[in-house]
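What the coordinates show
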Amino acid sequence: MTFSDLLERVGSMGPFQYLNMALLAFPILGMANHNLLQIFTATTPAHHCRPPPNVSEGPWMPLLSPSGKPEKCLRLAHKPNARMPNATEVATEPCLDGWVYNTTRDTIVTEWDLVCSSAKLKEMAQSVFMAGILVGGLVLGKLSDRFGRKPILTLSYLLLAATGSGTAFSPSLPFYMVFRFLCGFSMSGITLSTVILNVEWVPTWMRAISSTVIGYFYTIGQFLLSGLAYAIPQWRWLQLTVSAPYFIFCLLSWWVPESIRWMVVSGKFSKALQTLQRVATFNGKKEEGEKLSIEELKLHLQKDIALAKAKYGTMDLFRIPILRRMTLCLSLAWFSTGFAYYSLAMGVEEFGVDIYILQIIFGGVDIPTKFITILSVSYLGRHVTQASTLLLAGGTILALIVTPEDMYLLRTALAVFGKGCLSSSFSCLFLYTGELYPTVIRQTGMGITNMWARVGSMVAPLVKITGEVQPFIPNIMYGTMALLGGSASFFLPETLNRPLPENFEDLQQWCKPGKETKLELEVEKEAQKTPLKSHTQGLGPS
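Each chain has its residues counted from 1, following the order in which its sequence is written. Selection of residues for local features in this predicted model requires a pLDDT of at least 70, selection of side-chain atom pairs for listing and counting requires 80 or more, and totals for whole chains, interfaces and linings are taken over all residues. Note that the side-chain values use all heavy atoms of the structure and ignore hydrogens as well as water.

1. Looking at the confidence of the model for the protein
For clarity, the threshold we go by: Per residue, pLDDT captures the predictor's confidence, and it can take any value from 0 to 100. The contact criterion used is simple: two residues touch if any of their non-hydrogen atoms lie within 4.5 Å.
Taken as a whole, the protein shows an average pLDDT of 81; of its residues, 85% reach a score of 70 or greater. Counting contacts from residues 527-542, a segment whose pLDDT is below 50, to residues more than four positions away or on other chains yields 0 contacts.

This is how it looks when you write it as structure tokens:
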């Protein structure tokens with residue numbers, strides 16, 4: 001007997017499950033806001049040097065570039081002469097008195113002058129945020145195993161609310177980066193706990209549906225971000241608006257029950273029994289809940305208890321050749337997906353289209369993408385879906401290099417298609433990775449490989465800085481890495497319609513069906529040849 005049987009007795013899809021899913025899903029709306037917030041809070045508007053203080057002594061005009069537009073990072077070193085309007089003919093100097101921005105929006109770029117030589121600090125701020133997500137995944141994952149999923153979820157809500165609100169009151173860029181790091185740190189705790197607490201309380205057939213529903217809440221959050229950013233042009237108020245609701249989510253999370261499996265594995269049998277009885281009462285099955293006992297609970301979850309006693313670590317992922325190959329290929333696929341995804345998602349202002357409309361389109365493409373991904377993994381298989389999405393995304397990003405910058409619609413279409421492919425890659429990877437690793441080391445495998453997506457998303461903004469050398473360098477790196485990740489996916493086995501491996505022995509047998517079948521056919525052929533040969537020899541002498 002399993003936990004699924006136990007869940008059926010207390011109600012597998014009752015009012016409790018729907019309420020629990022809602023409490024876990026609504027905070028995900030704000031996750032997209034925080035992930036993509038710098039698209040709007042760090043927009044770089046058109047700008048030119050501020051006139052010198054003594055400009056009133058005579059007429060002054062900004063230095064013009066060869067294209068006829070004001071220079072962004074240089075100004076005239078002396079009073080201009082009408083016969084010397086070109087930057088190549090006059091002495092110039094940096095913008096010593098700051099910049100004038102052609103915008104009505106207030107962003108961290110305009111407040112702290114993150115342009116010209118300081119432009120790289122804007123990308124660094126986004127990388128610091130992604131570094132927080134990486135560190136949070138490592139630290140909070142361990143803490144949730146020790147103290148439980150629910151306390152970490154509640155703490156993460158509170159931390160995100162406090163640090164997100166603190167970001168809005170940052171007096172300088174260093175303070176802003178520290179608070180953003182802590183925001184990313186707390187978001188990892190929310191993601192980890194939400195995934196576990198969501199799938200545990202629904203039946204097996206409902207897990208994919210409930211996960212997809214929560215994924216769509218993230219998509220809806222992207223729409224909301226565009227609306228909020230359009231309505232709130234001040235970055236501090238926008239930051240505060242997307243952070244304050246998490247104080248409410250922190251209070252509501254006290255109703256979310258702890259993981260039954262974690263309580264049983266941790267020896268908290270009485271609390272686990274009380275939680276199940278509370279769920280049974282809420283689902284209208286109070287009598288069934290009262291019939292449950294601690295002994296029955298241990299019986300249903302004895303497999304989970306046994307797996308908890310088995311100690312497997314990161315080194316076991318590289319000890320067995322099959323696991324080693326899978327881990328390396330999956331790590332590359334995760335890294336390239338995160339690396340390329342955030343290059344497009346955070347580059348909205350680079351395509352010459354209104355950033356509010358483009359962000360809505362970027363969010364909208366996830367709706368058909370998730371549906372197409374479900375069909376593809378169900379009929380074509382995980383193997384083909386994963387490889388094709390990354391290869392298509394890589395080709396699309398490389399195509400942006402040769403697409404003229406004045407062809408806005410074509411560039412936007414390519415970017416939207418590429419972002420859709422990478423969203424599909426993420427959806428497929430979450431399913432594919434969980435199905436490839438054996439039960440005894442699945443959590444470790446998923447944690448290690450998923451970590452590389454965070455590393456990729458952390459490195460992606462820093463790669464944009466290389467565009468100062470040559471504008472095409474970032475897209476070459478993003479596109480090439482996506483192609484490598486797609487190629488690595490060809491070395492992964494297919495998992496469609498196959499049972500999940502429970503241990504290392506299952507995986508070794510499960511990954512070699514072709515070789516075993518070929519060997520069996522050869523043996524059968526030899527067996528057919530042997531009797532004919534001996535029979536012919538027997539007839540000869542007679």
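Structure's up, so let's keep going.
2. Points about the state of the cysteines
Disulfides are covalent bonds that connect the sulfur atoms of two cysteines. To keep it simple, the criterion reads: To count as a disulfide, a pair of cysteine sulfur atoms needs to be within 2.5 Å. Helix and strand definitions here come from DSSP, where helices need a minimum of 4 consecutive H or I residues and strands a minimum of 2 consecutive E residues; each element is numbered from the N-terminal end.
Scanning the model with the defined rule gives 2 disulfides in all. For Cys49, the disulfide goes to Cys95, at an S-S distance of 1.7 Å. Disulfide Cys49-Cys95: the torsion about the S-S bond is -55 degrees, which places it as left-handed. Here the residue Cys49 occupies a position in strand β1 (residues 47-49), and Cys95 occupies one in the loop between β3 (92-94) and β4 (99-101), the gap between them amounting to 46 residues. Covalent S-S linkage joins Cys73 and Cys116, the inter-sulfur distance amounting to 2.0 Å.

3. Looking at the environment of Ala91
Within the secondary structure, Ala91 sits in the loop between β2 (74-76) and β3. Measuring from C-alpha to C-alpha, the distance between Ala91 and Arg75 comes to 8.6 Å, with 16 residues separating the pair along the chain.

4. Describing helix α6 (residues 149-168)
What counts here: For a helix, the expected span equals 1.5 Å multiplied by the number of residues minus one. In this scheme, a residue with accessible area under 20% of its type's maximum is buried, one over 50% is exposed, and one in between is partly exposed, where area comes from a 1.4 Å probe on protein chains only.
Taking 1.5 Å of rise per residue, 20 residues should cover 28 Å, and α6 covers 29 Å from first to last C-alpha, within 8% of that figure. With respect to burial, α6 is a largely interior element, 15 of its 20 residues being buried.

5. Regarding the nonpolar core
Applicable threshold: The criterion is simple. A nonpolar core is a set of buried Ala, Val, Leu, Ile, Met, Phe, Trp, Tyr and Cys residues joined through side-chain atoms within 4.5 Å.
Ranked by internal contacts, the top residues of the largest apolar core, which has 86 residues, are Phe40, Tyr246 and Met326. No other element matches helix α17 (residues 321-345), which puts 14 residues into this core. Among all residues touching Phe40, those that are not within four sequence positions of it are Arg105, Thr107, Leu225, Ser226, Ala229, Leu238, Ile355, Tyr356 and Gln359. Counting residues in each nonpolar core, the second largest holds 18 residues, with Leu7, Met263, Leu276 and Leu292 among its members.

6. Describing the packing of helix α20 (residues 382-402) against helix α21 (residues 408-436)
Helix packing for two helices is described by the angle between their axes and how far apart those axes are. Worth spelling out the cut-off: Only the stretch in contact is used when a helix axis is fitted, and all axes are lines through C-alpha atoms; the angle between N-to-C directions ranges over 0 to 180 degrees. For classification, angles of less than 35 degrees are called roughly parallel, those exceeding 145 degrees roughly antiparallel, those between 65 and 115 degrees roughly perpendicular, and all remaining angles oblique. Here is the rule for handedness: rotate from the far helix to the near one, and if that takes an anticlockwise turn smaller than a right angle the crossing is left-handed, while a clockwise turn gives right-handed. Here the nonpolar group is Ala, Val, Leu, Ile, Met, Phe, Trp, Tyr, Cys and Pro; Asp, Glu, Lys and Arg are the charged ones; every other residue, Gly included, is treated as polar.
Packing of α20 against α21 brings their axes to within 8 Å, and their N-to-C directions diverge by 155 degrees. The pairing of α20 with α21 is recorded here as roughly antiparallel in orientation. When you trace α20 past α21, the crossing you get is left-handed. The residue inventory of the contact of α20 with α21, partitioned by class, reads 13 nonpolar, 8 polar and 3 charged.

7. Focus: the pattern of salt bridges
Condition: A pair is scored as a salt bridge if a Lys or Arg side-chain nitrogen falls within 4 Å of a carboxyl oxygen belonging to Asp or Glu.
Scanning the entire structure with this criterion turns up 3 salt bridges. Glu111 is paired through a salt bridge with Arg236; the nearest N and O atoms lie 2.5 Å apart. Placement of the pair is Glu111 in helix α4 (residues 108-112) and Arg236 in helix α9 (residues 235-243), with a sequence separation of 125 residues. By relative accessible area, which is 22% here, Arg236 ends up partly exposed. Asp366 is the salt-bridge partner of Lys419, the closest N and O atoms lying 3.3 Å from each other.

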